[in-house]
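Structural characterization, general
One letter stands for each residue in the lines below.
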Amino acid sequence: MTMSSHLQELRRKHETLSERVEQAQRSPGFDDLRIAELKKQKLRLKEEIQRLSQG
């Protein structure tokens, strides 16, 4: 896998997580801890994208 395709995959996963977080936040009764975990995953992906983009 090339660096470019790896970054594309990470960005796709980040976008998917963004959508899941938004849906979860709109769903009444959705577990707040699960939302927090999704946000942490999203942040880790964002940090990895930034690290790889700079290197």
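Residues numbered from 1 in each chain as written. Predicted model: local features only at pLDDT ≥ 70, side-chain atom pairs only at ≥ 80, totals over all residues. Heavy atoms only, no water.

1. Brief notes about the environment of L52
What counts is decided by this rule: The helix count covers DSSP runs of H or I at least four residues long, the strand count covers runs of E at least two residues long, and both are numbered beginning at the N terminus. Only protein chains enter the calculation, and the probe is 1.4 Å; a residue is then buried if its accessible area is under 20% of its type maximum, exposed if over 50%, and partly exposed in between. The contact rule is simple, with two residues in contact once any of their heavy atoms fall within 4.5 Å.
Examined against the element boundaries, L52 turns out to sit in helix α2 (residues 32–54). Judged by its relative accessible area of 14%, L52 is buried. Not counting chain neighbours up to four residues away, the residues in contact with L52 comprise M3, H6, L7 and L10.

2. Some thoughts on the environment of Q8
For Q8, the position within the fold is in helix α1 (residues 3–26). Taking C-alpha positions, Q8 is 9.1 Å from I49, a pair spaced 41 residues apart along the chain.

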